[in-house]
Every structure is written in structure tokens, then in C-alpha cells.
Amino acid sequence: MRNIYEVFDEFEEAKTKADRKLVIQNNLSPTLVKVLEYTFHPNYRWTVKEIPDNYKIPDTLPGVSFAHLGTELRRIYLFQEGHPTAANLNEQRKNELLIQLLVSLEPREAEVIIGIFRKDLGVKGLTYNFVKECFPNMLP
């Protein structure tokens with residue numbers, strides 16, 4: 001399975017909307033679906049408004065990291081507005097957990113997490129409307 005950022009790179013290189021749809025369809029995985037859902041579904045709102053100042057981008061080589069985006073997405077509920085566990089964490093603990101999450105990933109995978117929190121993955125052409133058109137049942 002390819003990294004999500006590799007799929008996004010291919011998506012940006014695609015010349016037409018039809019080609020971009022094919023990129024998404026050919027690389028569809030549970031992780032990609034979750035990333036799109038967490039980013040574009042309006043029911044997912046995040047407590048993370050800023051990345052902590054003490055977050056340092058690790059100099060990890062691609063393919064060499066402690067964790068993978070697919071497994072780390074399971075912990076994202078810790079930063080979800082309205083989630084009972086997230087509500088019980090103080091800001092300092094949330095920041096600690098966020099930094100742990102980000103540094104455990106390759107830097108470009110960490111960028112995907114940051115994009116989820118910002119509700120913008122920074123991928124040209126990958127918008128709510130595009131995702132809604134590709135997956136009519138995913139988004140309202």
C-alpha cells in the first residue's frame with residue numbers, strides 16, 4: 001500500500017478531473033477514506049487550532065518511522081471536539097499527545113494529520129466538492 005502523500009502527489013500531477021478520480025479510485029484504502037472523511041465531513045471538528053511551537057519536524061527518511069498513518073489515525077479522536085476523552089484532557093496533555101503523534105510519523109504523513117486538523121490537505125483540486133462527487137454517500 002502506498003503512503004497517502006504519494007497518492008496526493010500523483011493526484012496533483014493528474015491533468016484532468018477524470019484522471020484525478022482514477023487516482024483516488026485506484027488507491028482507495030481504508031486509510032484514504034478516513035483521511036478524506038476526517039478532513040471534509042462537517043461532523044468532524046478538531047480541538048487543534050495551532051501546532052505547538054515545540055513541535056520539531058523529525059529528519060526521518062521516507063519509509064523509516066515508528067508508526068504509519070493508518071494506525072495512528074485511530075488516536076485522532078483525542079483531538080475531536082465533543083469526544084468525551086478529548087474533553088477530559090487538559091491543553092498541556094493534548095499538546096504532548098499531539099507532538100508524540102506527529103513525531104512518530106514520517107514528516108509528510110504528519111503533514112496529512114495537520115491538514116486534517118486544518119480541514120485542508122493542501123492538495124490542489126482535492127476539495128469537498130470533488131470528494132462529494134467521487135463518494136456521494138461519504139459527505140452530506
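Just above, that's the structure.
Okay, so let's go over this structure.

About the thresholds
- Residues numbered from 1 in each chain as written.
- Predicted model: local features only at pLDDT ≥ 70, side-chain atom pairs only at ≥ 80, totals over all residues.
- Heavy atoms only, no water.
- Axes fitted to C-alpha atoms, helices over the stretch in contact; angles between N-to-C directions.
- Helix = DSSP H or I, 4+ residues; strand = E, 2+ residues; numbered from the N terminus.
- Left-handed = near helix turned anticlockwise from the far one by under 90°.
- Contact = heavy atoms within 4.5 Å.
- Nonpolar A, V, L, I, M, F, W, Y, C, P; charged D, E, K, R; others polar.
- Parallel < 35°, antiparallel > 145°, perpendicular 65-115°, else oblique.
- Salt bridge = Lys/Arg side-chain N within 4 Å of Asp/Glu carboxyl O.
- Buried < 20%, exposed > 50% of the residue type's maximum accessible area, 1.4 Å probe, protein only.
- Arc of directions from axis to C-beta.
- Core = buried A, V, L, I, M, F, W, Y, C linked by side-chain atoms within 4.5 Å.

## Structural notes on the packing of helix α3 (residues 30–40) against helix α7 (residues 107–118)
In step 1: Taken N-terminus to C-terminus, the directions of α3 and α7 make an angle of 35 degrees; their axes are 7 Å apart at the nearest point. Both α3 and α7 take part in a crossing whose hand is left-handed. On α7, the residues touching Val 35, Tyr 38 and Thr 39 of α3 are Val 112, Gly 115 and Ile 116.
In step 2: Residues belonging to the contact of α3 with α7 are distributed by class as follows: four nonpolar, two polar and no charged.

## With respect to the packing of helix α1 (residues 4–13) against α3
In step 1: Between α1 and α3, the shortest axis-to-axis distance is 10 Å and the interhelical angle comes to 70 degrees. When the axes of α1 and α3 are compared, the pair comes out roughly perpendicular. Across from Ile 4, Val 7 and Phe 8 in α1, the residues of α3 making contact are Thr 31, Leu 32 and Val 35.
In step 2: For the contact of α1 with α3, a count of residues per class yields five nonpolar, one polar and no charged.

## Here we look at the pattern of salt bridges
In step 1: What the rule picks out here adds up to ten salt bridges.
In step 2: Its salt-bridge partner being Arg 108, residue Asp 9 comes within 2.6 Å of it at the nearest N-O pair. Here Asp 9 is found in helix α1, whereas its partner Arg 108 is found in helix α7, with 99 residues between them in sequence.
In step 3: The partly exposed category is assigned to Asp 9, whose relative accessible area is 27%.
In step 4: Among the ionic pairs, Glu 81 bridges to Lys 49, the shortest N-O distance being 3.1 Å. A residue pair is termed long-range when its members are at least 10 positions apart, and Glu 81 in the loop between α4 (69–72) and α5 (84–87) and Lys 49 in the loop between α3 and α4 qualify at 32 residues.

## Some remarks on α1
In step 1: For α1, the complete set of buried residues consists of Ile 4, Tyr 5, Val 7, Phe 8 and Phe 11. End-on view of α1: buried residues confined to an arc of 155 degrees, all on one side of the axis.

## A few points about the nonpolar core
In step 1: Counting 45 residues, the largest nonpolar core has Phe 8, Leu 36, Phe 79, Ile 113, Ile 116, Leu 121 and Leu 126 as its most contacted members.
In step 2: If you list the elements that add at least two residues to this core, you get α1, α2 (17–26), α3, α6 (91–104), α7 and α8 (128–134).
In step 3: Sort the elements by how many residues they give to this core and α7 lands first, with six residues.

## Re the environment of Glu 109
In step 1: Here Glu 109 shows up in helix α7.
In step 2: For Glu 109, a relative accessible area of 3% gives the class buried.
In step 3: Along the sequence, Glu 109 and Ile 4 sit 105 residues apart, while their C-alpha atoms lie 7.2 Å from each other.

## Examining the side chain of Gln 80
In step 1: Considering the arrangement of structural elements, one finds Gln 80 in the loop between α4 and α5.
In step 2: Not counting the four nearest positions on each side in its chain, Gln 80 is found in contact with Asn 43, Tyr 44, Arg 45, Trp 46, Thr 47 and Ala 86.

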